[in-house]
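Read off the chains here:
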Amino acid sequence: MTDMRAARYDRYGPPEVLYEGRVPIPTVKPGHILVRVQANSVNGGELAARAGQLRMLTGRRFPRGIGMDFVGEVADAGAAAGVRAGDQVWGLLPRSSEVGGNAGAAAEYVAVDPGRVSRSPGNFTPVEAVSIMGATTSITGLRDKVRLKPGERLLVRGASGGAGSLAVQIGKVLGAHVTGLAGPKNLDFVRDLGADEAFSYTTTGPSDLGTFDVVLDTVGTDLPAYRRLLAPGGRMVGLTFDRNHIPRSLAYILTSSVHGSRRVRFFSGNPERALFTELTDLAESGKLRPVVDTVHSLADIAAAHRALESGGVRGKHVVKID
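Draft legend 1. A look at the overall build of the protein. The number of helices and strands found in the protein is 11 helices and 15 strands. Against the 2.2 N^0.38 benchmark of 20 Å for 322 residues, the protein shows a C-alpha radius of gyration of 19 Å, consistent with a compact globule. For the protein, the spread of C-alpha atoms along the three principal axes comes to 60 × 40 × 35 Å. Of all 322 residues assigned to the protein, the portion counted as buried reaches 53%. Here the contacts in the protein between residues at least 6 apart in sequence split such that 69% fall between residues at least 24 apart. Computed over 39 positive and 32 negative side-chain charges, the inter-centroid distance for the protein is 6 Å.

Next up, the structure:
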């Protein structure tokens, strides 16, 4: 076999531009490995990339692949140290893949540097495992960027979504008192994830919430209103832009730096083996639970993007690669 199935798109636009195509199996560079992908998840940044909202970075070269994270089985380990054919691994393609657009994890195979993968959790299926990979972003944001401390008050905005549901769990792992803000139908779900309290964004505005040591935002809108909830010495971290007003979001994040510690921190996660290994340990110790909303086939990836854009998500939309 010399080719494989992969999600592709030939122009920027709505979810319907995505289709299942056939492309050559990736060529494996010396020192890299080939992974047969079993599952991939849909992330918010991929929606913006597909819609053309990041075209200043992604350019206009088509066709393009899509997808960054993956769980799968090593098909060819080559001469890579510490990895063998048949190993179950999870990992993330480098950001250069997203910008270049030639490769994507929503495909039957990916070629990757072994330093970007680790052993996947033995207690989770591939679909379950890929649903918690976004926790690397929460760990980086909460522990490394804003140094969340035990006992501090954490607000997670968008607490039922793919990123927010993991941030709730990581917040509890780090010992915080966690408040989740989500849709009215998802409040019990957020509490079940470990949140100490959960409020509906339809009936609870920022002025009704009190103050917090840390605010983690997964929505991207109304950043000034939520930054005002910070207590003295409080910190805020944003995981996404307002996709309808990206320039405005960028401008606010940049100008918020004048507020020192109370600025909005934004970062682009690029985890490697050590962080994935740490996440495997958390999963196998029972400190994290899978957060799967819906499982889609590769041929139905447009529906996965459409569902994520529609909102009301409970966890991750996952693409299962049969």
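Draft legend 2. Representation of the side chain of His-305 in the model. On the secondary structure map, His-305 appears in helix H11 (residues 301-310). The buried category is assigned to His-305, whose relative accessible area is 0%. Beyond its immediate chain neighbours, meaning those up to four positions away, His-305 contacts Pro-15, Leu-18, Val-42, Glu-46, Leu-47, Arg-50 and Ile-66.

Draft legend 3. How the structure looks around the packing of aromatic side chains. Tallying each qualifying case throughout the model produces 4 aromatic pairs. Geometrically, the ring pair formed by Tyr-9 and Phe-62 is edge-to-face, given 6.2 Å between the ring centres and 65° between the ring planes. Remark: Phe-62 occurs in the loop between helix H2 (55-58) and strand E4 (69-76) and Tyr-9 occurs in the loop between strand E1 (3-8) and strand E2 (19-24); sequence separation between them is 53 residues. Both rings, one in Tyr-12 and one in Phe-62, keep their centres 4.9 Å apart while their planes meet at 75°; by these two values the pair is edge-to-face. Linking Tyr-12 in the loop between E1 and E2 with Phe-62 in the loop between H2 and E4, this pair joins segments that are 50 residues apart in sequence. Classification of Tyr-12 as buried rests on a relative accessible area of 11%. Among the aromatic side chains, those forming a connected cluster through ring pairs are Tyr-9, Tyr-12 and Phe-62.

Draft legend 4. Representation of H11 in the model. Within H11 the residues assigned to the buried category are Ile-301, Ala-302, Ala-303, Ala-304 and His-305. Those residues of H11 that are buried are in contact with E1, helix H1 (44-51), strand E14 (292-297) and strand E15 (316-320). Count one or two residues on from H11 and you reach Gly-311, which has phi positive near 85°.

Draft legend 5. Region of interest: the layout of surface pockets. By volume, the second largest pocket is sized at about 520 Å³. Lining the second largest pocket are 30 residues, and of these Pro-26, Ser-97, Asn-102, Ala-103 and Ala-111 lie nearest its centre. Looking at the lining of the second largest pocket, the elements that each hand over two or more residues are E1, E2, helix H3 (95-100) and strand E6 (109-112). Across the lining of the second largest pocket, the residue classes tally to 18 nonpolar, 9 polar and 3 charged.

Draft legend 6. Quick look at the nonpolar core. Counting 73 residues, the largest nonpolar core has Phe-70 and Leu-154 as its most contacted members. When residues in this core are grouped by element, the largest group, 5 residues, is from helix H10 (residues 273-284). Core analysis: the second largest hydrophobic core is formed by 12 residues, Leu-209, Tyr-226, Met-236 and Val-264 among them.

Thresholds, definitions, all that
Residues numbered from 1 in each chain as written. Predicted model: local features only at pLDDT ≥ 70, side-chain atom pairs only at ≥ 80, totals over all residues. Heavy atoms only, no water. Helix = DSSP H or I, 4+ residues; strand = E, 2+ residues; numbered from the N terminus. Rg over C-alpha atoms; globule rule 2.2 N^0.38 Å. Buried < 20%, exposed > 50% of the residue type's maximum accessible area, 1.4 Å probe, protein only. Contact = heavy atoms within 4.5 Å. Lys, Arg positive; Asp, Glu negative; His and termini not counted. Charge placed at Lys NZ, Arg CZ, Asp CG, Glu CD. Phe/Tyr/Trp six-rings, centres within 6.5 Å; stacked < 30°, edge-to-face > 60°. 1 Å grid on protein atoms, 1.4 Å probe; cavity = no way out; pocket = protein on both sides within 12 Å on 5 of 7 lines; lining within 4 Å. Points joined across faces, edges and corners; volume = space filled by probe spheres on them. Nonpolar A, V, L, I, M, F, W, Y, C, P; charged D, E, K, R; others polar. Core = buried A, V, L, I, M, F, W, Y, C linked by side-chain atoms within 4.5 Å.

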